[in-house]
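Residue-level listing of the chains:
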Amino acid sequence: MKKNFNQGVLRKIKERALRPRPRWEFLFKNYAIWAGAVLALLVAGLAFAVILHMFLNNDWDLYRQTGSGFLAFLFLIIPYVWLLFLAILIALVYYDLRHTKKGYRLTLSTIIAAAFLASVILGGLFYNLGLGGQIDDLCSERIPFYNALLQHRILLWHNPLNGLLAGVIIKVEGGDIFLLKDLGQTTWRVLGADAQKPTRLEIVPGLRVKILGEVIGQQEFKATAIRPLVGPGGPTMLHFLPPHR
Amino acid sequence: MSIKKEKCVQKTDEQLVKLTLKNQDWFFCIVRRYEGKLLGYIRRISGVGQQEAEDVLQDVFLKIYQNLNDFDPDLKFSSWIYRITHNQVISNYRKIKARPQSIFVDNENIFDGIASGLDLNREVNLRELRKVIRRALTRIDKKYREVLILKFLEEKDYQEISDILKRPSGTVAAQIKRGKEKLKKELLTQNLL
């Protein structure tokens, strides 16, 4: 060690007029990282609320109608986009927490498990406040590619020969008979007089519905059940789906 | 104002930090207290020579001074400055990806801790054993070498190593265990034992 190394260090500090950086700079950085983690967690909660909304508003009892097994049905209705988004947000929470002052003391699995649990709890809360459905609808209306990303869930209902039909009511003829433009832009005459439907469901033009039943003639469908079409869809998606199978 | 060496001895690290923030001359005590230890540490983890290590050490102390307000009293001060030193060495040598050719030590006895930690046959000549450990340490992965150096050569406990390397203490414990196994294997495969 050089003689007077310590004096040399002090001399350098004086020559360069160095000063300790102010405390607020470090505090600000730390708070910013925490704020980032909290924000990412809140958005993860919202993403989970949408996932919950999509799962809970699925017609689980109808999977047999789709002609596929339960697992195949499950793979079809999984909202991959939202799950991917949730995974990215949880990774972001991990990254932020890991960069807090003592974040390194927590293991990867602890942070991931805690972040996931927190987003489940927040997601449950947000779902109960109705945010899951609202976000889904909002994305469907505002984000051009959103419906395309989730269309595989809706395509499940684009199968009239297997008794599944979905689309927008374009005209009501009366006596629960109406015209429906399906996801492939084919117009169907639907006979819905004997169909089961939620008591509050009012058959009016513009309503998005999914229908169970059977084809009884040339573009004529007899409904056994009519349910509102929840989730992505709506008039915008009618433009990109292929003709019905 | 210049600080008398005797005054430094009476102060704890934390007191010196507070005093330095009021008067930079007190930083002399911090430099004096740690220059030897940190210089040895820099040489051990980077494998550079004395002159180069002193240049790095000077940068380290300038960084410590500038970041004094970031010191968290929940940590040991020594852990904090070892961390800064470690990071400085990493950033200096990241580009060249240098691997030390030999592990610098100022006292060969410090290898005895590793030898007993590895549960090696003590019949082996002790001087020879120290030499081979020194050589084998340069051949194992950096992540294991780092923890073994801190554990056995710098004599830090698990929590301190965790704070210096910013790794969970469970990970540190596992890496020490694995590092010892790797080192032993290296000694055997290279016929160093």
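None of the values given here were measured: they were computed from a predicted structure.

Thresholds, definitions, all that
Once a new chain begins, its residue numbering starts again from 1 and follows that chain's sequence as written. All chains are assigned letters beginning with A, and all ligands numbers beginning with 1, in the order in which they are written. Where local features are concerned, this predicted model is filtered to residues with pLDDT of at least 70; where side-chain atom pairs are given and counted, the filter is 80 or more; whole-chain, interface and lining totals use all residues. To get the side-chain values, all heavy atoms of the structure are used, and hydrogens and water are removed first. Helix and strand labels come from DSSP, where a helix needs a run of H or I of at least four residues and a strand needs a run of E of at least two; each type is numbered from the N terminus. Burial classes follow relative accessibility: with a 1.4 Å probe on protein chains only, a residue under 20% of its type's maximum area counts as buried, one over 50% as exposed, and anything between as partly exposed. Residue contacts are defined here by distance: any two heavy atoms, one from each residue, within 4.5 Å place the two residues in contact. Computed by Shrake-Rupley with a 1.4 Å probe, the accessible areas treat only the displayed protein chains as cover when residues are assessed. Salt bridges are identified by distance alone: a Lys or Arg side-chain nitrogen within 4 Å of an Asp or Glu carboxyl oxygen. Contacts described as polar in this section are N or O atom pairs within 3.5 Å, which, within protein, must combine one atom able to donate a hydrogen with one able to accept it, while residues neighboring in sequence count only if both atoms come from side chains. UniProt positions are given in the numbering used here, feature names are shortened, and annotations may be inferred rather than shown by experiment. Under the counting rule used here, the positive set is Lys and Arg, the negative set is Asp and Glu, and His together with the chain ends is not counted. Cysteine sulfurs are considered disulfide-paired once they come within 2.5 Å of each other. What makes a patch is a set of residues exposed beyond 30% relative accessible area and free of salt bridges, joined within 9 Å when like-charged and within 5 Å when nonpolar (Val, Leu, Ile, Met, Phe, Trp, Tyr). All axes are obtained by fitting lines to C-alpha atoms, using only the stretch in contact for helices, and the reported angles, taken between N-to-C directions, cover 0 to 180 degrees. Here the word oblique covers every angle except those under 35 degrees (roughly parallel), over 145 (roughly antiparallel) and from 65 to 115 (roughly perpendicular). Should the near helix be turned anticlockwise from the far one by less than a right angle, the crossing is termed left-handed; should it be turned clockwise, right-handed. When residues are sorted by character, Ala, Val, Leu, Ile, Met, Phe, Trp, Tyr, Cys and Pro go into the nonpolar class, Asp, Glu, Lys and Arg into the charged class, and all the rest, Gly among them, into the polar class. Remark: nonpolar core denotes a set of buried residues (Ala, Val, Leu, Ile, Met, Phe, Trp, Tyr, Cys) joined through side-chain atoms within 4.5 Å. Strand pairing is defined by DSSP finding a minimum of two bridges between the two strands. Here the aromatic set is Phe, Tyr and Trp, taking the six-membered ring for Trp, and pairing holds for ring centres within 6.5 Å; pairs whose planes are under 30 degrees apart are stacked, those over 60 apart are edge-to-face, and all others are tilted.

Novice: So what exactly am I meant to see when it comes to the overall build of chain B here?
Specialist: A count of helices and strands for chain B gives 10 helices and 0 strands. Burial analysis of chain B (193 residues in total) assigns 52% to the buried set. Excluding contacts between residues fewer than 6 apart, the proportion of contacts in chain B whose partners are at least 24 apart in sequence is 64%. A total accessible area of about 9400 Å² is found for chain B, and carbon and sulfur atoms account for 45% of it.

Novice: Mind showing me how you'd approach the environment of Leu41(A) here?
Specialist: Residue and element names in this part refer to chain A. For Leu41, the position within the fold is in helix H2 (residues 23–56). Expressed as a C-alpha distance, the spacing of Leu41 and Lys12, which sit 29 residues apart in the sequence, is 45 Å. Those residues within four positions of Leu41 in sequence are excluded, and the remaining contacts are Val93, Ala115, Ala118 and Leu122.

Novice: I keep staring at the interface of chain A and chain B and nothing clicks. Help me out?
Specialist: Often the size quoted for an interface is simply the accessible area lost on bringing the parts together. Listed per partner, the contact involves 26 residues of chain A and 32 residues of chain B. Between chain A and chain B we count 5 salt bridges in total. Asp72(B) serves as the salt-bridge partner of Lys102(A), at 2.9 Å between the closest nitrogen and oxygen. Inspection of the chain A/chain B interface yields 13 residue pairs in polar contact (both at pLDDT 80 or more). Looking at the side of chain A that touches chain B, the elements that each hand over two or more residues are helix H1 (5–15) and H2 of chain A. For the side of chain A that touches chain B, the element with the highest residue contribution is H1(A), accounting for 9 residues.

Novice: Help me out: how do you make sense of unusual backbone geometry in this one?
Specialist: Note on backbone geometry: most residues besides glycine have negative phi, and most peptide bonds are trans. With phi around 50°, Ala17(A) is a residue other than glycine that occupies positive phi space. Summarising the element assignment, Ala17(A) is placed in the loop between H1 and H2. At Lys166(B), a position not held by glycine, the phi torsion is positive, near 55°.

Novice: What's the story with the UniProt feature "transmembrane region" (unreviewed entry) in chain A in this structure? I'm lost.
Specialist: All names here are of chain A. Here, UniProt's "transmembrane region" (unreviewed entry) annotation points to residues 31–56, 68–94 and 106–127. In this annotation, residues 31–56 is assigned 100% helix and 0% strand; the end-to-end C-alpha distance for the span is 37 Å. Within the segment residues 106–127, helix and strand shares are 91% and 0% respectively, and the terminal C-alpha atoms sit 30 Å apart.

Novice: Even after reading the chapter, I still don't get the side chain of Lys156(B), so can you show me in this structure?
Specialist: Residue and element names in this part refer to chain B. For Lys156, the position within the fold is in the loop between helix H8 (142–153) and helix H9 (158–165). The buried charged residue Lys156 lacks any salt bridge partner; its closest oppositely charged side chain belongs to Glu160, at an N-O distance of 4.1 Å. When near neighbours in sequence (up to four residues on either side) are disregarded, Lys156 contacts Ser78, Tyr82, Leu150, Lys151, Ile161 and Ile164.

Novice: When you look at the state of the cysteines in this model, what are you seeing that I'm missing?
Specialist: Among covalent bonds in proteins, the disulfide is the one between the sulfur atoms of two cysteines. All names here are of chain B. Under the counting rule described, the total for this entry stands at 1 disulfide over all chains. Here Cys8 connects covalently by a disulfide to Cys29, the sulfurs 2.1 Å from one another. Taking the sign of the S-S torsion, -65° for the link of Cys8 and Cys29, the bridge is left-handed. Of this pair, Cys8 sits in helix H1 (residues 5–9) while Cys29 sits in helix H3 (residues 27–46), placing them 21 residues apart in sequence. By the burial criterion, Cys8 is buried, and Cys29 matches it.

Novice: Where do I start with the pattern of salt bridges in this structure?
Specialist: Following the criterion strictly, the structure yields 17 salt bridges over all chains and no others. Between Glu181(B) and Lys177(B) there is a salt bridge whose closest N-O contact spans 3.3 Å. Within this pair, Glu181(B) and its partner Lys177(B) are both found in helix H10 (residues 169–189), separated by 4 residues, close to a single helical turn. Owing to a relative accessible area of 53%, Lys177(B) belongs among the exposed residues under this scheme. Salt bridges sharing common partners tie together Lys102(A), Asp72(B) and Asp74(B).

Novice: When you look at a nonpolar patch on the surface in this model, what are you seeing that I'm missing?
Specialist: Residue and element names in this part refer to chain A. Taken together, the side chains of Trp34, Val38 and Leu42 make up a nonpolar region of the molecular surface, amounting to roughly 270 Å² of accessible area. Counting through the fold element by element, Trp34 comes out in helix H2. Take Trp34: its relative accessible area is 40%, and that puts it in the partly exposed class.

Novice: Please explain the packing of H2(A) against helix H4 (residues 80–98) of chain A as it appears in this structure.
Specialist: When two helices pack together, their arrangement is given by the angle between their axes and by how far apart the axes lie. All names here are of chain A. At a minimum axis distance of 8 Å, the contact between H2 and H4 shows a crossing angle of 160°. Judged by the angle between their axes, H2 and H4 are roughly antiparallel. Helix-helix and strand crossings are classified by hand; for H2 and H4 the assignment is left-handed. Grouping the amino acids of the contact of H2 with H4 by side-chain chemistry returns 20 nonpolar, 1 polar and 1 charged.

Novice: Just checking my understanding: could you explain the nonpolar core for this structure?
Specialist: Judged by nonpolar contacts, the single largest core of 61 residues is most densely connected at Phe27(B), Phe61(B), Ile64(B), Phe77(B) and Trp80(B). Of the residues forming this core, the biggest block, 11 residues, is contributed by H3(B). What Trp80(B) contacts, discounting residues up to four positions off in sequence, is Ile64(B), Asn67(B), Leu68(B), Asp70(B), Phe71(B) and Leu75(B). Residues Ala37(A), Ala40(A), Ile51(A) and Ile111(A) belong to the second largest nonpolar core, which totals 20 residues.

Novice: For this particular structure, what's the right way to read the pairing of strand S5 (residues 220–228) of chain A?
Specialist: Every regular strand shows the same layout, with side chains that alternate between the two sheet faces. Residue and element names in this part refer to chain A. As defined by bridge partners, strand S3 (residues 187–191) adjoins S5 across 3 bridges and the pair is classed as parallel. Note on S5: the bridge partner recorded for Leu191 is Lys222. Inspection of the sheet shows strand S4 (residues 208–217) paired to S5 by 8 bridges, in the antiparallel sense. Bridge pairing in S5 places Glu214 opposite Lys222. In this antiparallel pair of consecutive strands, S4 and S5, the connection spans 2 residues, and Gln219 shows a positive phi of 50°.

Novice: Whenever I open this one, the packing of aromatic side chains confuses me. Can you help?
Specialist: By convention here, two paired aromatic rings are described through the distance between centres and the angle between planes. Applying the stated criterion to the full structure yields 12 aromatic pairs over all chains. Ring geometry for Tyr41(B) and Tyr82(B): centres 4.9 Å apart, planes at 50°, overall tilted. Here the residue Tyr41(B) occupies a position in helix H3, and Tyr82(B) occupies one in helix H5 (residues 77–93), the gap between them amounting to 41 residues. Taking the relative accessible area as the measure of exposure, Tyr41(B) reaches 0% and is therefore buried. Following the ring pairs from residue to residue traces out a cluster consisting of Phe5(A), Phe27(B), Phe61(B) and Tyr65(B).

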